[in-house]
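Letter by letter, the chains look like this.
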Amino acid sequence: MSSDRIDAESKVSGNQANIPSRIRRELDIDDGDQLRWHLEDDGSIRVHVIQQQTGTFADFDGYAGEESTDVTSDHDAWGVDVE
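The residue numbers shown here count from 1 along each chain, following its written sequence. pLDDT decides what is reported in this predicted model: residues at 70 or higher carry local features, side-chain atom pairs at 80 or more are listed and counted, and totals for whole chains, interfaces and linings draw on all residues regardless. Side-chain measures were taken over the full set of non-hydrogen atoms in the model, leaving aside hydrogen atoms and water.

Asker: Talk me through the overall build of the protein; I want residue IDs and the actual numbers.
Answerer: Helices and strands together make up the secondary structure of the protein, namely 2 helices and 4 strands. The numbering of helices and of strands both runs from the N terminus, where a helix is a DSSP run of H or I of at least 4 residues and a strand a run of E of at least 2. What you see in the protein, going N to C, is helices and strands ordered as β-β-α-β-β-α. Of all 83 residues assigned to the protein, the portion counted as buried reaches 2%. Partitioning the contacts of the protein with sequence separation of at least 6, the portion at a separation of at least 24 is 2%. All accessible areas in this document rest on Shrake-Rupley with a 1.4 Å probe, and a residue is counted as covered only by the protein chains that are shown. Accessible area of the protein: about 8,200 Å², with a carbon and sulfur share of 45%. With a 1.4 Å probe rolled over the protein chains alone, any residue whose accessible area is under 20% of its type maximum counts as buried; one over 50% counts as exposed, and the rest are partly exposed. Two residues qualify as a contact provided that any one of their heavy atoms is within 4.5 Å of a heavy atom in the partner residue.

Now the structure itself:
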């Protein structure tokens, strides 16, 4: 990207600024993503998009083990051997 061209503009309202839709689409920014800001020595700003990790449990179908469990009594003790 050339630093001479204007890709989009937005206004600040309070302590917040909107990210223009063109920029959000181009960088695939979605709800929950984080922006990491870097102030350069020349006064320019560099922003890195940190995309949230999703789908951690998306394919989880539940416990399929042979041992039955009772969530009310086993919740905190699951996987802990009690003597």
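Here the narrative resumes.
Asker: Give me a nonpolar patch on the surface: which residues, what numbers.
Answerer: Distance thresholds for patches are 9 Å for like charges and 5 Å for nonpolar side chains (Val, Leu, Ile, Met, Phe, Trp, Tyr), applied to residues having over 30% relative accessible area and no salt bridge. When a carboxyl oxygen of Asp or Glu lies within 4 Å of a side-chain nitrogen of Lys or Arg, that pair is called a salt bridge. There is a patch of nonpolar side chains on the surface, built from W37, L39, I45 and V47 and spanning about 460 Å² of accessible area. Of all elements in the fold, only β3 (34–39) and β4 (45–50) reach the threshold of two or more residues within the nonpolar patch. Structurally, V47 can be placed in strand β4.

Asker: Give a description of the pairing of β3 that names residues and reports values.
Answerer: Burial runs low along β3: only 0 of the 6 residues are buried. Both β3 and β4 contribute to a ladder of 6 bridges, which runs antiparallel. Across the sheet, Q34 pairs through a bridge with I50, a residue of β4. At least two DSSP bridges between two strands are required for those strands to pair. Hairpin remark: β3 followed by β4, antiparallel, with 5 residues in the connecting loop; positive phi at G43, about 90 degrees.

Asker: Just give me the short version of the confidence of the model for the protein, but keep the residues and values in it.
Answerer: Looking at any residue, its pLDDT shows the predictor's confidence there, from 0 to 100. In the predicted model, the protein carries a mean pLDDT of 80, and 73% of its residues have values of at least 70. At the low end of the mean pLDDT range in the protein sits helix α2 (residues 71–74), at 69; at the high end sits β3, at 94.

Asker: Explain the UniProt feature "domain: SpoVT-AbrB" (unreviewed entry) in the protein to me, using residue names and the numbers behind them.
Answerer: UniProt positions are given in the numbering used here, feature names are shortened, and annotations may be inferred rather than shown by experiment. According to UniProt, the feature "domain: SpoVT-AbrB" (unreviewed entry) maps to residues 19–47 in the numbering used here. The span residues 19–47 carries 24% helix and 31% strand; its end-to-end C-alpha distance comes to 12 Å.

Asker: Can you tell me about the side chain of D33, naming the residues and giving the values?
Answerer: Mapping D33 onto the fold places it in the loop between α1 (21–27) and β3. One buried charge, D33, has no salt-bridge partner; the nearest side chain with opposite charge is R24, at 9.3 Å. Here a polar contact is taken to be a pair of N or O atoms separated by no more than 3.5 Å, where protein atoms must pair a possible hydrogen donor with a possible acceptor and residues adjacent in sequence count only if both atoms sit in side chains. A distance of 2.9 Å separates the side chain of D33 from the backbone nitrogen of Q52, its partner in a polar contact. Beyond its immediate stretch of four places on either side in the chain, D33 contacts D28, V49, I50, Q51 and Q52. In this tally, Asp and Glu contribute negative charge and Lys and Arg positive charge; neither His nor the terminal groups of the chain are included.

Asker: I'd like a description of the environment of D28, backed by residues and values.
Answerer: In this fold, D28 is placed in the loop between α1 and β3. Once the C-alpha coordinates of D28 and Q51 are considered, the two residues, 23 residues apart in sequence, prove to be 8.6 Å apart. With near-sequence residues (within four places) excluded, D28 lies in contact with D33 and Q51.

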